[in-house]
Amino acid sequence: MYKFTDIAALYAYALQHPEQEYIPMQIGTRHVVMDPWAEQRMIAVAQQSNAALLYSHYRERLDDGTLQSHPCIAYQAGSLRDDFDFGSVVVVNTSILISECEDLLSGKWMDGGWYALRLRLSAYGTIQLLPEYLYTAQKVDYRLSGQMQHDYVDPRNRNYQIEMEQVVTDHLEMINALVPVEKKEIEHSEYGQFPVEASVIIPVRNRVSTIGDAVRSALAQEAEFEFNVIVVDNASTDGTAELLASIDDSRLHVITLNGSENLGIGGCWNLAVTSDKCGRFAVQLDSDDLYSSPATLQTIVDKFCEQKCAMVIGTYLMTDFNLNPIPLGKIDHSEWTDENGPNNALRINGLGAPRAFYTPLLREILLPNTCYGEDYAVGIRLSREYKIGRIYDVLYHCRRWEGNSDAALSVDKVNANNYYKDFLRTCELEARILMNESR
């Protein structure tokens, strides 16, 4: 089996072996043991599906010798993350490699050109998942999902991220999906009167140990305008409702659900932003997090007014439950630029926090009724047409603790989350291509 090191060497190998319709190839450095006839099976299915690239499910061998199944997810047009999991073995279409990838050879790639290669292959053929377990790879990363989810914004990987951004930008340009630099500006006063200028929105379910801190953090904001706090209690049973009832402040509005509404986080947001209590700007606060200072809300609204934008995204500090900083510390998404942030947003897995929206636009778009990716869906949608304001000072403390819903997810749950965000990107990608075609 060919072991991939860089695209130039692979290209040279393909030229030397033109008789091979498909090249079985190992990516990465993990120890791999193929099942009997696995390569033959992969090539046969690749031929039948006329795939540009094919990959499969696999097993992982743990340090104690036991095996765990590791399914992969199907590739979509929006599978633009540079960390998409293909496993360790793929087969590559030789003719597409030779005819369409020669211009990639001049690049000096930190990943050998793998990301550029697979995006190019996706533009000229199908990326096919074979849902069979065909080999075993040694497991090397034992971190929990909550520890891995911020790898893409680790400042130690900054040079790599810059390169990956250029790769995806080139790909988007090639398929006519780049969004223009010019964005619509918004005169926020044109949409009439609101009960308050801003509303802090907090969906919550069974967070009695943290919701009080979150609400008090929101109510402690110091602003030149009127604001309120809208908490949507999604059928809590742990004392959350009673704790909220004990907070005596006329600015706090609690919407209580009984569970029959079948609302996720996105649905709770929709309920809050469409209520007659919601202000001109809707500002996010998760039920286990805190604003970093009493000036957060004022800073966000000032940014809306200054840049006439549809959405504002801030910077957060990773902390433990007691607000002590933990790695990776400050997460500011400094990779964002006004010129290319909306394009690079289709590569990365999140846009940052806290997030705030111009309520009239959010009422038009609404959030998907999910508990994952709902804010990302709105963020990439708005960035297609409107300016997104960024604040690079810490506004928010993101507390990581054992009760976090994403602290230790199974492979199946991680796959489901990744597949859904790829779906969101696929929809947005298609919308951007249609927008460009209509110009």
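Residues numbered from 1 in each chain as written. Predicted model: local features only at pLDDT ≥ 70, side-chain atom pairs only at ≥ 80, totals over all residues. Heavy atoms only, no water.

Looking at this structure, I do not really get the overall build of the protein chain. What am I missing?
Across its full length, the protein chain carries 14 helices and 16 strands. Taking 2.2 N^0.38 as the reference for a compact globule, 439 residues should give roughly 22 Å; the C-alpha atoms of the protein chain span a radius of gyration of 24 Å, in line with that estimate. Dimensions of the protein chain along its principal axes, counting C-alpha atoms only, are 75 × 55 × 40 Å. The buried share of the protein chain, taken over its 439 residues, is 55%. Excluding contacts between residues fewer than 6 apart, the proportion of contacts in the protein chain whose partners are at least 24 apart in sequence is 80%. Mean positive and mean negative side-chain charge positions of the protein chain (38 and 61 charges, respectively) differ by 0 Å. (Helix = DSSP H or I, 4+ residues; strand = E, 2+ residues; numbered from the N terminus. Rg over C-alpha atoms; globule rule 2.2 N^0.38 Å. Buried < 20%, exposed > 50% of the residue type's maximum accessible area, 1.4 Å probe, protein only. Contact = heavy atoms within 4.5 Å. Lys, Arg positive; Asp, Glu negative; His and termini not counted. Charge placed at Lys NZ, Arg CZ, Asp CG, Glu CD.)

Would you take a moment to explain helix H13 (residues 374-385) for this structure?
Within an α-helix, residues lying three or four positions from one another point in the same direction, as the helix has 3.6 residues per turn. Taking burial as the measure, the 12 residues of H13 include 11 buried ones, the bulk of the element. All buried positions along H13 are accounted for by Glu374, Asp375, Tyr376, Ala377, Val378, Gly379, Ile380, Leu382, Ser383, Arg384 and Glu385.

Is there a simple way to think about the packing of aromatic side chains in this case?
For any two aromatic rings, the description comes down to two numbers: the centre-to-centre distance and the angle of the planes. For the structure shown, the criterion picks out 14 aromatic pairs. Considering the side-chain rings of Tyr2 and Tyr13, the 4.7 Å spacing of their centres and the 40° angle between planes classify their relative orientation as tilted. Linking Tyr2 in strand S1 (residues 2-3) with Tyr13 in helix H1 (residues 7-16), this pair joins segments that are 11 residues apart in sequence. On the basis of an interplanar angle of 80° and a centroid distance of 5.0 Å, the ring pair of Tyr55 and Phe86 is categorised as edge-to-face. Here Tyr55, found in strand S4 (residues 51-61), pairs with Phe86, found in the loop between strand S5 (67-70) and strand S6 (89-93); they are 31 residues apart in sequence, far enough to count as distant. Taken together, the ring pairs in this structure connect Phe4, Tyr55, Tyr75, Phe84, Phe86 and Trp114 into an aromatic cluster. It is Arg399 that lies over the ring of Phe321; its NZ or CZ is 4.5 Å from the centre. When the ring centre of Tyr376 is taken as origin, the NZ or CZ atom of Lys421, which lies over that ring, is 4.9 Å away. (Phe/Tyr/Trp six-rings, centres within 6.5 Å; stacked < 30°, edge-to-face > 60°. Lys NZ or Arg CZ within 6 Å of the ring centre and 35° of its normal.)

What exactly am I supposed to notice about unusual backbone geometry here?
Glycine aside, the phi torsion of most residues is negative, and most peptide linkages are trans. Residue Pro327 is joined to Leu328 through a cis peptide bond whose omega torsion reads 5°. Following the sequence through the fold, Leu328 ends up in strand S14 (residues 325-331). Along the chain, Ala353 connects to Pro354 via a cis peptide bond; the corresponding omega equals -5°. By the element assignment, Pro354 lies in the loop between helix H11 (341-344) and strand S15 (355-358). Notably, Ala235 is not glycine yet its phi reads approximately 60°, a positive angle. Relative to the helices and strands, Ala235 is located in the loop between strand S9 (227-234) and helix H8 (240-245). Of the residues examined, Ala235 reaches a relative accessible area of 14% and is grouped as buried. Phi at His333 is positive, roughly 50°, even though this residue is not glycine.

I would appreciate a short explanation of the environment of Ile175 in the present structure.
Positionally, Ile175 belongs in the loop between helix H6 (158-174) and strand S8 (198-204). In the structure, Ile175 is positioned 139 residues away from Pro36 in sequence and 39 Å away in space, judged by C-alpha atoms. Look past the residues within four positions of Ile175 in its chain and what remains in contact with it is Ala123, Leu429 and Ile433.

What is the right way to look at the pattern of salt bridges in this model?
Note that side chains of opposite charge can pair when their charged atoms are close. Counted by the stated rule, this structure contains 22 salt bridges. The salt bridge involving Asp82 is made with Arg347; its shortest N-O contact spans 2.5 Å. Of this pair, Asp82 sits in the loop between S5 and S6 while Arg347 sits in the loop between H11 and S15; the two residues are 265 residues apart in sequence, bridging distant segments of the chain. (Salt bridge = Lys/Arg side-chain N within 4 Å of Asp/Glu carboxyl O.)

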